[in-house]
Amino acid sequence: MTAGPRRRVGVLVSGRGSNMAALIEAAADSSFPAEIALVLSNRPGAGALDRAAAAGLPTAVVDHKAYPDRESFDRAVHAALVAANVKLVCLAGFMRLLTPWFVETWRDRLINIHPALLPAYKGLHTHERALADGVKLHGCTVHVVRAEMDVGPIIAQAAVPVVEGDDPDSLAARVLKAEHALYPAALALFASGRAVVDGERVRISGEPAAPPALVWPAA
Ligand code: GRF
């Protein structure tokens, strides 16, 4: 996939870590342009930590409850990332708002996956809100992080249909499956340098021919 050195990635997690697992699986291929250098959780009991350790990866816990304010927590996270020689950070279900200091320190080296087609449905409960609005397509987005929540240059998106009878759980499961394909693909684009931040947009070089529009429901 790339001839250059693999970018050292830190993955920040808070929960079960299924997206982290997808990144680990992709990075297990030595031709993937990134390697997972550290998995860091703010929650000591996060299931993601066990999954990462089982894959033989270094893990760290920086418990936010041990810090008096957000910035001292963020500085401890930053120190752990630097100590692991991390060059690029992936948020993967990391449930803490990062301070502007952290976001600026990692500017254009910090990416996130969000379970909606941004800029629609920023924030929480995206699947419930999409269902309430009756949208026919929903999905997920990998974007470069800016200080404002769920805002930043979009690297890649995946769309899934909303089908008759969906509830938030069935829709979440369909989106999550798309997330597991999208995040490694977006990380590969970003880590290899094919996706480059240009102002508040991401330019992709060597873009493949666009597929036909996804029309849902199909006639
Ligand atoms: C995913 O839906 C992701 O888009 C959101 O948080 C969830 C994390 O799930 N940011 P997991 O821990 O990766 O399984």
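Residues numbered from 1 in each chain as written. Predicted model: local features only at pLDDT ≥ 70, side-chain atom pairs only at ≥ 80, totals over all residues. Heavy atoms only, no water.

Taking an unreviewed UniProt entry as the reference, the protein chain is identified by name as Phosphoribosylglycinamide formyltransferase belonging to Segnochrobactrum spirostomi. Quoted straight from UniProt, the Sequence similarities (unreviewed entry) entry for the protein chain says "Belongs to the GART family." Turning to the protein chain, the UniProt annotation filed under Function (unreviewed entry) states: "Catalyzes the transfer of a formyl group from 10-formyltetrahydrofolate to 5-phospho-ribosyl-glycinamide (GAR), producing 5-phospho-ribosyl-N-formylglycinamide (FGAR) and tetrahydrofolate." (UniProt positions renumbered as here; feature names shortened; annotations may be inferred.)

A look at the site of the ligand
Around the ligand, the surrounding shell consists of R16, G17, S18, N19, G93, I113, H114, P115 and E179. A distance of 2.9 Å separates an oxygen atom of the ligand from a polar atom in the backbone of G17. At 2.7 Å from an oxygen atom of the ligand is found a side-chain nitrogen or oxygen belonging to E179. For the ligand, the accessible surface in isolation is 370 Å², of which the surrounding protein chains cover 84%. (Near = heavy atom within 4 Å. Polar contact = N/O pair within 3.5 Å; in protein donor to acceptor, adjacent residues only side chain to side chain. Areas by Shrake-Rupley, 256 points an atom, 1.4 Å probe, with all protein chains shown as cover.)

Some points on the layout of surface pockets
Reported here for the largest pocket is a volume of approximately 940 Å³. Lining the largest pocket are 35 residues, and of these G93, F94, M95, I113 and P115 sit closest to its centre. For the lining of the largest pocket, the elements supplying multiple residues, two or more each, are α1 (18-27), β5 (110-114), α5 (126-133) and α6 (168-192). Considering only residue class, the lining of the largest pocket consists of 16 nonpolar, 13 polar and six charged. Volume-wise, the second largest pocket comes out at about 400 Å³. Ranked by the residues each element gives to the lining of the second largest pocket, the list is headed by strand β7 (residues 154-161), at five residues. By residue class, the composition of the lining of the second largest pocket is 14 nonpolar, one polar and two charged. (1 Å grid on protein atoms, 1.4 Å probe; cavity = no way out; pocket = protein on both sides within 12 Å on 5 of 7 lines; lining within 4 Å. Points joined across faces, edges and corners; volume = space filled by probe spheres on them. Helix = DSSP H or I, 4+ residues; strand = E, 2+ residues; numbered from the N terminus. Nonpolar A, V, L, I, M, F, W, Y, C, P; charged D, E, K, R; others polar.)

Some thoughts on the sheet that holds strand β6 (residues 137-144)
In spatial order, the strands read β3-β2-β1-β4-β5-β6-β7; together these seven strands make up an open sheet with mixed pairing. With partners counted over all chains shown, the strands left at the sheet margins are β3 (59-61) and β7, one partner each. Averaged over all pairs of adjacent strands, the angle between their axes in this sheet comes to 20°, without regard to strand direction. Contacts from α1 reach β1 (7-13), β2 (34-41), β4 (88-91) and β5, with the element oriented near 155° to β2. (Pairing = 2+ DSSP bridges. Axes fitted to C-alpha atoms, helices over the stretch in contact; angles between N-to-C directions. Contact = heavy atoms within 4.5 Å.)

Let's talk about the packing of α5 against α6
Packed helices, taken two at a time, are described by their axes: the angle between them and the distance between them. One can describe the packing of α5 onto α6 by two numbers: an axis separation of 9 Å at closest approach and a directional angle of 115°. Taken together, α5 and α6 sit at an angle that is classed as roughly perpendicular. Crossing hand, α5 versus α6: right-handed. Here α5 contributes H127, E128 and L131 to the contact with α6, which in turn contributes P168, L171, A172 and V175. (Parallel < 35°, antiparallel > 145°, perpendicular 65-115°, else oblique. Left-handed = near helix turned anticlockwise from the far one by under 90°.)

Thoughts on a nonpolar patch on the surface
A surface patch of nonpolar side chains, about 250 Å² in accessible area, is lined by L137, L214 and W216. Position of L137 relative to the elements: it lies in strand β6. On the accessibility criterion, L137 (31% relative accessible area) is partly exposed. (Patch = residues over 30% accessible without salt bridge, like charges linked within 9 Å, V, L, I, M, F, W, Y side chains within 5 Å. Salt bridge = Lys/Arg side-chain N within 4 Å of Asp/Glu carboxyl O. Buried < 20%, exposed > 50% of the residue type's maximum accessible area, 1.4 Å probe, protein only.)

Thoughts on the environment of A80
With respect to the helices, strands and loops of the structure, A80 is situated in helix α3 (residues 70-83). Sequence-wise, A80 and L38 are 42 residues apart; in three dimensions their C-alpha atoms are separated by 8.8 Å. Not counting chain neighbours up to four residues away, the residues in contact with A80 comprise L38 and L40.

A closer look at the UniProt feature "binding site: (6R)-10-formyltetrahydrofolate" (unreviewed entry) in the protein chain
In the numbering used here, UniProt assigns the "binding site: (6R)-10-formyltetrahydrofolate" (unreviewed entry) feature to R70, M95, R96, L97, L98 and N112. Of the residues annotated just before, the largest pocket has M95, R96, L97, L98 and N112 among its lining. Following the sequence through the fold, R70 ends up in helix α3. With residues up to four places along the chain from it excluded, the contact list for R70 reads R96, L97 and T99. Checked against the element boundaries, L97 lands in the loop between β4 and α4 (100-105). Residue classification places L97 among the partly exposed residues on the basis of a relative accessible area of 46%. The contact partners of L97, leaving out residues within four places of it in the chain, are R70 and M149.

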